[in-house]
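# Reading the structure
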Amino acid sequence: MDRQRYTAATAYEVLKRDQEARAAAKQASRDEDTRRLGAGEVSQAEVKQENGFFSSLDKSKFTMVAIGGKPIKRDEAVFGVGT
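These figures come from a predicted structure and were not determined experimentally. (Residues numbered from 1 in each chain as written. Predicted model: local features only at pLDDT ≥ 70, side-chain atom pairs only at ≥ 80, totals over all residues. Heavy atoms only, no water.)

## Focus on the packing of aromatic side chains
Quick note on the threshold: To pair, rings of Phe, Tyr and Trp, with the six-membered ring standing in for Trp, must have centres within 6.5 Å; the planes then decide the type, stacked if under 30 degrees apart, edge-to-face if over 60, and tilted in the middle.
With the rule as written, the count across this model stands at one aromatic pair. With centroids separated by 4.8 Å and ring planes inclined at 90°, the aromatic side chains of Phe-53 and Phe-54 adopt a geometry described as edge-to-face.

Okay, here's the thing in structure tokens:
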């Protein structure tokens, strides 16, 4: 029982440190974005693009075929059948 308590407490502390480190890293990134904007190094649109969730993905390699499980495009190239 003591080992379980120790393991749970240790896991909690590690998770808490990870969350604190992540929060600090995010704040440092925000501060750097603010500095760059203030110095005129980048525009607000450029910062928004850099920080976007999908920015690092090559969008030309993806095709949206459904939203919520409902097909939005029925195409031979996508589904292998005629329309």
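From this point, the discussion proceeds with the structure in view.
## With respect to the pattern of salt bridges
The criterion, for reference: Think of a salt bridge as a Lys or Arg side-chain nitrogen and an Asp or Glu carboxyl oxygen that are within 4 Å of each other. Helix and strand assignments come from DSSP, with helices taken as H or I runs of at least 4 residues and strands as E runs of at least 2, each series counted from the N terminus. Here the term buried applies to any residue with accessible area under 20% of the maximum for its type, exposed to any over 50%, and partly exposed to those in between, with areas from a 1.4 Å probe on protein chains only.
What the rule picks out here adds up to four salt bridges. The partner of Arg-36 in a salt bridge is Asp-33, and the shortest N-O contact between them spans 3.7 Å. With Arg-36 and Asp-33 both in helix 1 (residues 2–38) and three residues apart, the pair spans about one turn of that helix. Assigned by exposure class, Arg-36 and Asp-33 land together as buried. Close ionic contact of Glu-41 with Arg-35 constitutes a salt bridge, the shortest N to O distance being 3.0 Å. Salt bridges sharing partners connect three or more residues here, namely Glu-32, Arg-35 and Glu-41.

## A few points about a nonpolar patch on the surface
The cut-off we apply is this: Nonpolar side chains (Val, Leu, Ile, Met, Phe, Trp, Tyr) are joined into patches within 5 Å and like charges within 9 Å, using only residues with over 30% relative accessible area and no salt bridge. A 1.4 Å probe and the Shrake-Rupley method give the accessible areas. Residues count as covered only by the protein chains that appear here.
Nonpolar side chains collect at one region of the surface, where Phe-53, Phe-54, Leu-57 and Phe-62 lie side by side and expose about 500 Å² of accessible area between them. Secondary-structure assignment places Phe-53 in the loop between helix 2 (44–51) and strand 1 (66–67). A relative accessible area of 71% places Phe-53 in the exposed class.

## Thoughts on the environment of Val-42
Here is the rule we go by: Pairs of residues are marked as contacts when any of their non-hydrogen atoms sit within 4.5 Å.
Within the secondary structure layout, Val-42 lies in the loop between helix 1 and helix 2. Aside from chain neighbours lying at most four places away, what touches Val-42 is Arg-36, Leu-37, Val-47 and Glu-50.

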